[in-house]
Amino acid sequence: EEKDEVAEDSLAQQDTIRYHSEPLITDHYTADPSAHVFEDKIFIYPSHDWDSGKPEDDTGNHFNMKDYHVYSMEDPNGEVTDHGEVLTVEDVAWAERQMWAPDAAEKDGKYYLFFPAKDKDDIFRIGVATSNNPEGPFTPEEEPIEGSYSIDPAVYKDTDGEYYMYFGGIWGGQLQRWQTGEFAEEDEYPADDEPALRPKIAKMSDDLLSFAEEPKDVEILDENGEPITTGDNDRRFFEAAWVHQYNDKYYFSYSTGDTHNIAYAIGDSPYGPFTYQGVILEPVVGWTNHHSIVEYEGKWYLFYHDSSLSEGKTYLRSMKMMEIEYDEDGKIKTMQSYTE
Ligand code: FUB
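Okay, so let's go over this structure. (Residues numbered from 1 in each chain as written. Predicted model: local features only at pLDDT ≥ 70, side-chain atom pairs only at ≥ 80, totals over all residues. Heavy atoms only, no water.)

Secondary structure assignment for the protein chain yields one helix and 23 strands. At 19 Å, the protein chain has a C-alpha radius of gyration in line with the 20 Å of a compact globule built from 340 residues. Overall, the protein chain is about 60 × 45 × 45 Å in size when its C-alpha atoms are taken along their principal axes. Here the protein chain holds 340 residues, and the buried ones make up 58% of them. The contacts in the protein chain between residues at least 6 apart in sequence include a share of 52% that link residues at least 24 apart. In the form shown here, the protein chain has an accessible surface area of approximately 14,800 Å², with 41% of it arising from carbon and sulfur atoms. (Helix = DSSP H or I, 4+ residues; strand = E, 2+ residues; numbered from the N terminus. Rg over C-alpha atoms; globule rule 2.2 N^0.38 Å. Buried < 20%, exposed > 50% of the residue type's maximum accessible area, 1.4 Å probe, protein only. Contact = heavy atoms within 4.5 Å. Areas by Shrake-Rupley, 256 points an atom, 1.4 Å probe, with all protein chains shown as cover.)

This is the structure we're talking about:
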């Protein structure tokens, strides 16, 4: 106990916290963990990595996932239960390949798994599958969500009971193809000094199976109230949106992709705008950095992944977790995943 107190004390004094954590499971590779508290337990909805033999490229073909497992924990320091395969690409009529980062939501005792996958035209869409249990298995809808595109859905339940989906990712995530509202054959990015491509938000319909509105841009502003620009690679949105609330503020966190940080911005509404604050998690072993943030029994946890277990294979990742802290101004302390 004394040791824990010393550890907590030193955590409180550091600006960047170094933290060594082990993979939550070692019998499968898992990534992009979206954690939620359902039925008083932590449920984790990750991607399920495997070695499909696809060569690595800039569009992420090597992330060739074909199914999902669900995991749960009754205690943040305890056992992780694998609830097995809950959805496979063969079950999904519209989907062809690449089941990327999913998320889940609960409404009125029903559970929803939201997932991106490429359709038969090789265009990313976002699908929904439902279950009466948080651990699945999940039954997919016949069609993807109408008007959905790109990747990395994150569904946030607001305090007033409304649900919002955040989504989008550039490069292999195809967000740059949708600047005109139609899928473009070529990549189109704003110039380096122009506002960067924004992630999207859409309020969900009452049954959580469709968008209740046209997706809107999520603004991420710098300290002067100006949009973060395309050339600002250290801070611009790349993928992996997540939203949580702390002290009545909305925290929008995301990956900066090719600069490999988990960054965050704060706003007063689920729609933003959000003002950039800093880095939550510095780069990890492997190219991608993707996370979720959840409160459980009064403590805050960051779920993330790295490629330590596969000795750096970027498409074979392992989900991990660590506790995070806020300072008195509500700023999240920067975490470093490795002790020296
Ligand atoms: O896991 C596949 C993709 O890699 C995710 O959708 C991205 O966020 C990145 O982690």
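There's more to say after this.
Turning our attention to a negative patch on the surface. Together, Glu-39, Asp-40, Glu-74, Asp-75 and Glu-297 make up a negatively charged patch on the protein surface. Tracing the sequence through the fold places Glu-74 in the loop between β4 (67-73) and β5 (81-88). (Patch = residues over 30% accessible without salt bridge, like charges linked within 9 Å, V, L, I, M, F, W, Y side chains within 5 Å. Salt bridge = Lys/Arg side-chain N within 4 Å of Asp/Glu carboxyl O. Lys, Arg positive; Asp, Glu negative; His and termini not counted. Charge placed at Lys NZ, Arg CZ, Asp CG, Glu CD.)

Take empty space enclosed by the protein next. Evaluated as defined, the whole model comprises two cavities of 30 Å³ or more. In this structure, the largest cavity encloses a volume near 60 Å³. If you go around the largest cavity, the residues you meet are Ala-196, Leu-197, Arg-198, Pro-199, Val-218, Glu-219, Ile-220, Pro-227, Ile-228, Arg-236 and Phe-237. Broken down by class, the residue content of the lining of the largest cavity amounts to eight nonpolar, no polar and three charged. What the second largest cavity holds in volume is close to 40 Å³. Every residue along the wall of the second largest cavity is listed here: Ser-34, Ala-101, Pro-102, Asp-152, Pro-153, Ala-154, Ala-241, Trp-242, His-290 and His-291. (1 Å grid on protein atoms, 1.4 Å probe; cavity = no way out; pocket = protein on both sides within 12 Å on 5 of 7 lines; lining within 4 Å. Points joined across faces, edges and corners; volume = space filled by probe spheres on them. Nonpolar A, V, L, I, M, F, W, Y, C, P; charged D, E, K, R; others polar.)

All right, on to the layout of surface pockets then. Empty space left among the atoms is revealed by rolling a probe the size of a water molecule over them. Quantified by volume, the largest pocket comes out at close to 520 Å³. Surrounding the largest pocket, 22 residues form its lining, His-36, Tyr-156, Lys-157, Val-243 and Val-294 being those nearest its centre. Those elements that provide at least two residues to the lining of the largest pocket are β2 (29-38), β7 (103-107), β11 (154-157), β16 (239-246) and β20 (292-296).

As a further point, take the sheet that holds strand β21 (residues 299-306). Sheet architecture is open: three strands sit in the order β20-β21-β22, paired in antiparallel fashion. Single-partner strands in this sheet number two, and they are β20 and β22 (318-324). Strand-to-strand twist of the sheet, defined as the mean angle between neighbouring strand axes without regard to direction, takes the value 30 degrees. Pairing between β21 and β22: seven bridges, direction antiparallel. Among the inter-strand pairings, Tyr-301 is bridged to a residue of β22, identified as Glu-323. (Pairing = 2+ DSSP bridges. Axes fitted to C-alpha atoms, helices over the stretch in contact; angles between N-to-C directions.)

So, on to the nonpolar core. With 39 residues, the main nonpolar core has Phe-114, Ile-145, Met-165, Tyr-166, Met-204 and Phe-252 as its most contacted residues. With five residues, the single largest contributor to this core is strand β12 (residues 163-167). Grouped together as the second largest cluster of nonpolar side chains are 20 residues, Ile-266, Tyr-304, Met-322 and Tyr-338 included. (Core = buried A, V, L, I, M, F, W, Y, C linked by side-chain atoms within 4.5 Å.)

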